[in-house]
Amino acid sequence: MILDRPTAFRPRTIAGVLRPATADEVVEVVRSGPRPLHPTSAGRNWGLGSGLPVADGATVLDLAGLDRVRELDLERGYAVVEPGVTQGALAELLRGTGRIFNLTGSSLHTSVIGNALERGVGVHRARAEDLVGLEVVLADGEREQVGWWPGTSAVPRPHGLGPTLTHLFTQSSFAVVTAAVVRLLPRPEEVRVLPFTFAPGDLADAVDVLRSWTAQKLVPPTTKVYNPVAAQASGVRDEYLAHICLSGSAEVVEALGSVLSAAARRSPLVPAPASAADEVVRATYAGDPDPADTWFLRKSQGCPADRFDADRGLLMFLPVVPFSGAAATRTAEMVRACCVAAPGVTMNVLDSDAADHVIGIAFPADDPAGVAEARETLDRLHEVFGAEGFLPYRRDVDRPGDAARLQRRIGDALDPGGVFAAGRYAGRR
Ligand SMILES: Cc1cc2nc3c(=O)[nH]c(=O)nc-3n(C[C@H](O)[C@H](O)[C@H](O)COP(=O)(O)OP(=O)(O)OC[C@H]3O[C@@H](n4cnc5c(N)ncnc54)[C@H](O)[C@@H]3O)c2cc1C
């Protein structure tokens with residue numbers, strides 16, 4: 001994990017970096033190491049601060065060395081992974097099996113746990129829904145398991161009996177996570193990603209159509225809509241691009257595909273050439289991505305994961321917006337009003353009522369004027385979207401959130417001495 005790279009965030013003074021290799025070593029560090037500690041998994045939280053802590057003076061606990069898949073149960077559909085297990089590594093283990101993992105559109109070198117703790121978004125569902133259990137090292141050095149773990153009930157279920165504790169530790173800085181149980185999806189017989197384009201002037205109508213298809217279960221709640229800048233990564237110019245994934249038995253995919261084609265003829269959505277959702281895209285939904293990280297490279301304009309931040313600057317703003325034509329249009333207007341250069345925007349459908357919008361402000365990392373402009377743009381986005389009530393579902397290191405009173409009390413009770421650095425969410429002290 002690299003901390004000496006420029007980002008558009010305020011530089012931090014780091015007391016040091018520790019790289020334990022086992023959960024027992026993590027316990028030792030928590031019991032008697034330096035503090036406060038800022039744990040990271042792969043540290044590739046690009047656009048939100050990557051591996052940086054919120055405040056100066058923390059020691060970074062880089063957990064990339066805990067990289068074991070402790071258990072894989074294809075029958076019951078779960079894996080027990082450590083923080084250094086990347087989504088690419090887990091997908092490789094599942095190749096040719098009856099299971100897949102819900103991949104994100106980020107690099108294959110990002111962490112399964114890091115993204116789940118951030119409550120990131122996979123191509124099939126939010127990563128929080130993949131999480132069924134966590135192993136945590138608490139501030140007093142005790143190692144605990146929360147949620148479901150092998151050896152308890154026969155069926156992995158996220159909510160056991162009583163209060164569910166797993167999400168006390170997502171978007172939180174209450175503990176170090178040393179392992180997680182994540183669910184594996186059944187491998188679909190067939191996966192088809194259908195690309196549709198529409199003109200910018202049809203945004204409201206097209207989004208309303210997509211919403212009604214989603215609400216009526218003609219399409220799953222996994223559609224991604226790329227604005228004309230983001231659509232360029234798929235070879236589409238001057239138009240919006242929607243990727244609709246149909247998966248399941250071949251008959252179901254075939255039947256839904258023809259109903260969808262007929263429905264599209266009565267809508268502003270136009271079937272796009274297959275090249276707008278090619279095998280690279282399909283393979284990610286199918287759980288078998290290209291090990292060369294091709295889809296990520298297309299989106300990062302060729303910048304590989306190892307060069308991100310050093311060569312390519314990025315700030316991200318991630319508001320959750322109602323899933324409606326009117327809200328999508330308002331979002332596009334606000335983006336236009338805030339941004340000097342049009343940014344790439346991806347709308348991820350979450351369900352038939354909500355979509356998160358990923359607004360990526362990219363700039364050359366070595367251009368101070370570009371950095372300053374990106375920062376000002378991000379400030380404007382926060383202000384304008386905040387006034388509309390379209391609030392981000394993830395925060396960056398320069399804008400930690402205010403914790404609710406009870407969140408603060410729980411944080412103080414779990415970590416009264418400040419072993420863990422206050423994070424971007426549920427900040428303490
Ligand atoms: C082109 C591009 C596409 C992207 N696509 C997506 C996408 O589709 N979906 C998406 O969600 N994101 C996406 N991202 C954003 C980002 O790259 C991912 O979310 C990535 O998974 C986060 O980095 P990481 O997995 O290395 O987690 P980390 O950076 O390691 O962790 C994230 C945060 O979680 C906490 N944390 C991590 N590990 C621990 C631990 N073991 N114990 C306690 N706390 C911990 C820390 O606060 C840390 O800052 C994209 C980025 C880019 C540039």
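Rules behind the numbers
Residues numbered from 1 in each chain as written. Predicted model: local features only at pLDDT ≥ 70, side-chain atom pairs only at ≥ 80, totals over all residues. Heavy atoms only, no water. Domains from an automatic or database assignment. Contact = heavy atoms within 4.5 Å. Buried area = accessible area lost by both parts, 1.4 Å probe. Salt bridge = Lys/Arg side-chain N within 4 Å of Asp/Glu carboxyl O. Polar contact = N/O pair within 3.5 Å; in protein donor to acceptor, adjacent residues only side chain to side chain. Nonpolar A, V, L, I, M, F, W, Y, C, P; charged D, E, K, R; others polar. Pairing = 2+ DSSP bridges. Helix = DSSP H or I, 4+ residues; strand = E, 2+ residues; numbered from the N terminus. Axes fitted to C-alpha atoms, helices over the stretch in contact; angles between N-to-C directions. Near = heavy atom within 4 Å. Areas by Shrake-Rupley, 256 points an atom, 1.4 Å probe, with all protein chains shown as cover. Phe/Tyr/Trp six-rings, centres within 6.5 Å; stacked < 30°, edge-to-face > 60°. Buried < 20%, exposed > 50% of the residue type's maximum accessible area, 1.4 Å probe, protein only. Lys NZ or Arg CZ within 6 Å of the ring centre and 35° of its normal. Patch = residues over 30% accessible without salt bridge, like charges linked within 9 Å, V, L, I, M, F, W, Y side chains within 5 Å. Expected span 1.5 Å × (residues − 1). Arc of directions from axis to C-beta.

So, the domain arrangement of the protein
Partitioning the protein into domains gives domain 1 (1-187 + 399-429) and domain 2 (196-242 + 293-388). Each of domain 1 and domain 2 was reduced to a C-alpha centroid, and the two centroids are 26 Å apart. Facing 21 residues of domain 1, the contacting portion of domain 2 comprises 25 residues. Taken together, both faces of the contact between domain 1 and domain 2 bury some 2000 Å²; the carbon and sulfur share is 56%. Summed over the shared surface of domain 1 and domain 2, the result is 2 salt bridges. The interface formed by domain 1 and domain 2 includes 9 residue pairs in polar contact (both at pLDDT 80 or more). In terms of residue class, the side of domain 1 that touches domain 2 is built from 8 nonpolar, 9 polar and 4 charged.

Brief notes about the sheet that holds strand E3 (residues 59-62)
Spatially, E1-E3-E2 is the arrangement adopted by the 3 strands of the open sheet, whose pairing is parallel. Strand pairing shows two members of the sheet lacking a second neighbour, strand E1 (16-18) and strand E2 (37-40), which therefore form its edges. Within the sheet, the average angular offset between the axes of one strand and its neighbour, ignoring direction, is 25 degrees. Direction of pairing for E2 relative to E3: parallel, over a ladder of 4 bridges. By the bridge assignment, His38 is partnered in E3 with Val60.

A word on the site of the ligand
Around the ligand sit 31 residues in total, of which Ser41, Arg44, Gly105, Asn115 and Arg394 are the nearest. Within the backbone of Ala42, one N or O atom sits 2.9 Å away from an oxygen atom of the ligand. Summarising the interface, the protein chains cover 91% of the accessible area of the ligand, which totals 970 Å² for the free molecule. Within the residue set of the shell around the ligand, elements represented by two or more residues are E2, helix H3 (112-117), strand E9 (176-183), helix H8 (294-299) and strand E15 (312-317). Of all the elements, H3 adds the most residues to the shell around the ligand, at 3 residues. Counted by class, the shell around the ligand contains 14 nonpolar, 12 polar and 5 charged residues. Each of two domains, domain 1 (1-187 + 399-429) and domain 2 (196-242 + 293-388), supplies a minimum of three residues to the shell around the ligand.

Looking at the packing of aromatic side chains
Under the counting rule described, the total for this entry stands at 9 aromatic pairs. Consider the rings of Trp46 and Phe296, whose centres lie 5.3 Å apart with planes at 25 degrees: the pair is stacked. A residue pair is termed long-range when its members are at least 10 positions apart, and Trp46 in the loop between E2 and E3 and Phe296 in helix H8 qualify at 250 residues. We classify Trp46 as buried; its relative accessible area is 7%. The exposure class of Phe296 is buried, given its relative accessible area of 7%. Consider the rings of Phe385 and Phe390, whose centres lie 6.4 Å apart with planes at 55 degrees: the pair is tilted. Classification of Phe385 by relative accessible area gives buried; the value is 0%. You can call Phe390 buried: its relative accessible area is 9%. Through a chain of ring-to-ring contacts, three or more aromatic side chains come together here, namely Trp46, Phe296 and Phe308. The ring of Trp295 carries the charged tip of Lys299 above its face, separated from the ring centre by 3.8 Å.

A short note on a nonpolar patch on the surface
Taken together, Leu72, Leu74 and Leu93 make up a surface patch of nonpolar side chains, about 230 Å² in accessible area. Looking at where Leu72 falls in the secondary structure, it is placed in strand E4 (residues 69-73). Owing to a relative accessible area of 32%, Leu72 belongs among the partly exposed residues under this scheme.

Some thoughts on the pattern of salt bridges
Side chains that differ in charge, positive against negative, can pair when their charged atoms come close. One pass over the full model with this rule turns up 27 salt bridges. The residue Glu82 makes a salt bridge to Arg70 at a minimum N-O spacing of 2.9 Å. Of this pair, Glu82 sits in the loop between strand E5 (78-81) and helix H2 (87-94) while Arg70 sits in strand E4, and the two are 12 residues apart along the sequence. On the basis of relative accessibility, which here comes to 27%, the residue Arg70 falls in the partly exposed class. Between Asp73 and Arg76 there is a salt bridge; the shortest N-O distance is 3.3 Å.

Let's talk about helix H6 (residues 250-265)
The end-to-end C-alpha separation of H6 is 23 Å, in line with the 22 Å expected for 16 residues at 1.5 Å each. Of all the residues in H6, the buried ones are Val253, Gly257, Leu260, Ala263 and Ala264. Axial view of H6: buried residues confined to an arc of 130 degrees, hence all on one face. Exposed and facing more than 90 degrees away from the buried side of H6 are Glu251 and Arg265. On its buried side, H6 packs onto strand E11 (190-198), helix H4 (203-215) and strand E13 (240-248).

Topic: the pairing of strand E17 (residues 344-349)
Counting buried residues along E17, 5 of its 6 residues qualify, which places the element largely inside the surrounding structure. As judged from the 3 bridges shared by strand E12 (residues 224-226) and E17, these two strands associate in the antiparallel manner. Opposite Lys224, over in E17, you have Asn348 as the bridge partner. Hairpin remark: E17 followed by strand E18 (residues 354-364), antiparallel, with 4 residues in the connecting loop.

A short note on the side chain of His357
If you trace the backbone, His357 turns up in strand E18. His357 gets classed as buried once you look at its relative accessible area, which sits at 4%. Discounting chain neighbours no more than four positions away, the residues touching His357 are Phe317, Leu318, Pro319, Val321, Thr331, Val345, Thr346 and Met347.

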